[in-house]
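Structural description and commentary
Spelled out, the chains give:
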Amino acid sequence: MDLKVETRNLDMRAGWQEKIEEEREKLIRHYANLVLHLRVSIEATPGYKEGGCEVSLVASVPNDTVVVKRWGEKVHPLLVETFDVLGQQLKDIVRRKHDHKHEASVKVLGGAPGDTRGTVQRVFDEYGFIMTLDNQEVFFHANALKELSMNDLEEGAAVCLALEEGEKGLQAAWVKAA
């Protein structure tokens, strides 16, 4: 990650530089290859009513730029806060990217959504198994149920489902009553 640190109207202190380096290492550890460039700007703001400082972070990530600004009286707590907010925004970017990949990975077998049909084979407290019409056993979790609860399901019940590849093989992305 390329890092640029700049100050305006004040001198850089060693403690601030150490904190910036520490936070940079955290970003590299948690978001390797996500942040391409990071600019940290610390500026004295005597023109504002309160005086104090402004800390801004500008992070370049693939297809986006994340900007975080905070104002206050002391630089060190502002650095902590801005890096925390940046970390949360990067976490959200990673989650959205993961969710988008997850949605793209859903494979609906048999054509349009709901065309895949099956029969409930076994039901447990939080999960169960469905046998599709082409004799594939599919895992489902209670979270995949739409307009149903685990108590509504009985062995032999007909259902519609969308299939996706899970960590341990085929699983239901969602399950509805047929």
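Anyway, here's the lowdown on the structure attached to this text. (Residues numbered from 1 in each chain as written. Predicted model: local features only at pLDDT ≥ 70, side-chain atom pairs only at ≥ 80, totals over all residues. Heavy atoms only, no water.)

**Remarks on the overall build of the protein**
- From N to C terminus, the protein includes two helices and ten strands.
- Across the 178 residues in the protein, those meeting the buried criterion constitute 35%.
- Residue pairs in contact within the protein that sit at least 24 positions apart in sequence constitute 49% of those at least 6 positions apart.
- Entry remark: accessible area of the protein is about 10,900 Å², with carbon and sulfur atoms responsible for 47%. (Helix = DSSP H or I, 4+ residues; strand = E, 2+ residues; numbered from the N terminus. Buried < 20%, exposed > 50% of the residue type's maximum accessible area, 1.4 Å probe, protein only. Contact = heavy atoms within 4.5 Å. Areas by Shrake-Rupley, 256 points an atom, 1.4 Å probe, with all protein chains shown as cover.)

**Remarks on the pairing of strand S7 (residues 127-132)**
- Bridge count between strand S6 (residues 116-123) and S7: five bridges; the pairing is antiparallel. Note that in S7 the partner of Gly118 across the bridge is Thr132.
- Here S6 folds back onto S7 in antiparallel fashion, the turn holding three residues.
- Summarising the sheet, S7 and strand S8 (residues 137-141) pair through five bridges and their orientation is antiparallel. Each bridged residue has a counterpart across the sheet, and for Met131 the counterpart in S8 is Glu137.
- In textbook terms, the turn of a hairpin is the stretch between consecutive antiparallel strands, and for S7 and S8 this stretch comprises four residues, one of which, Asn135, has a positive phi near 60 degrees. (Pairing = 2+ DSSP bridges.)

**A look at the sheet that holds strand S3 (residues 53-61)**
- Taken in spatial order, the four strands of this open sheet run S1-S2-S3-S4, and their pairing is mixed. Whereas interior strands pair on both sides, the edge strands pair on one side only; in this sheet they are strand S1 (2-8) and strand S4 (64-72). Strand after strand, the sheet turns through a mean of 10 degrees between neighbouring axes, direction not considered.
- Strand direction decides the pairing type here: S1 and strand S2 (residues 37-44), joined by seven bridges, are parallel. Its bridge partner being in S2, Lys4 is matched across the sheet by Arg39.
- The strands that helix H1 (residues 14-30) touches are S1 and S2; relative to S1, the one it contacts most, it runs at about 150 degrees. (Axes fitted to C-alpha atoms, helices over the stretch in contact; angles between N-to-C directions.)

**Points about the pairing of S3**
- Within S3, eight of the nine residues are buried, leaving the element largely enclosed by the surrounding structure.
- As paired strands, S2 and S3 are joined by eight bridges and run antiparallel to one another. Residue pairing across strands places Ser41 opposite Ser56, the latter belonging to S3.
- Of the pairings in the sheet, the one linking S3 to S4 comprises nine bridges and is antiparallel in character. Its bridge partner being in S4, Cys53 is matched across the sheet by Gly72.

**Regarding the nonpolar core**
- Of all hydrophobic cores here, the largest spans 23 residues; its most connected members are Leu38, Val40, Ile42, Leu79, Phe83, Leu86 and Leu90.
- Looking at this core, the elements with two or more residues in it are H1, S2, S3, S4 and helix H2 (75-105).
- Ranked by residue count, the leading element in this core is H2, at seven residues.
- Here Leu90 is in contact with Leu27, Tyr31, Leu34, Val35 and Val61, once residues within four sequence places are set aside.
- With 14 residues, the next largest nonpolar core counts Val120, Phe140, Leu148 and Val175 among its residues. (Core = buried A, V, L, I, M, F, W, Y, C linked by side-chain atoms within 4.5 Å.)

**Focus: the packing of aromatic side chains**
- Scanning the model with the defined rule gives four aromatic pairs in all.
- For the pair Tyr127 and Phe129, a centre-to-centre distance of 6.1 Å together with 90 degrees between the ring planes defines the contact as edge-to-face.
- Owing to a relative accessible area of 33%, Tyr127 belongs among the partly exposed residues under this scheme.
- Each member of the aromatic cluster is reached from another via a ring pair, and the members are Phe124, Tyr127, Phe129 and Phe139. (Phe/Tyr/Trp six-rings, centres within 6.5 Å; stacked < 30°, edge-to-face > 60°.)

Purely spatial values, then, with no claim about function.
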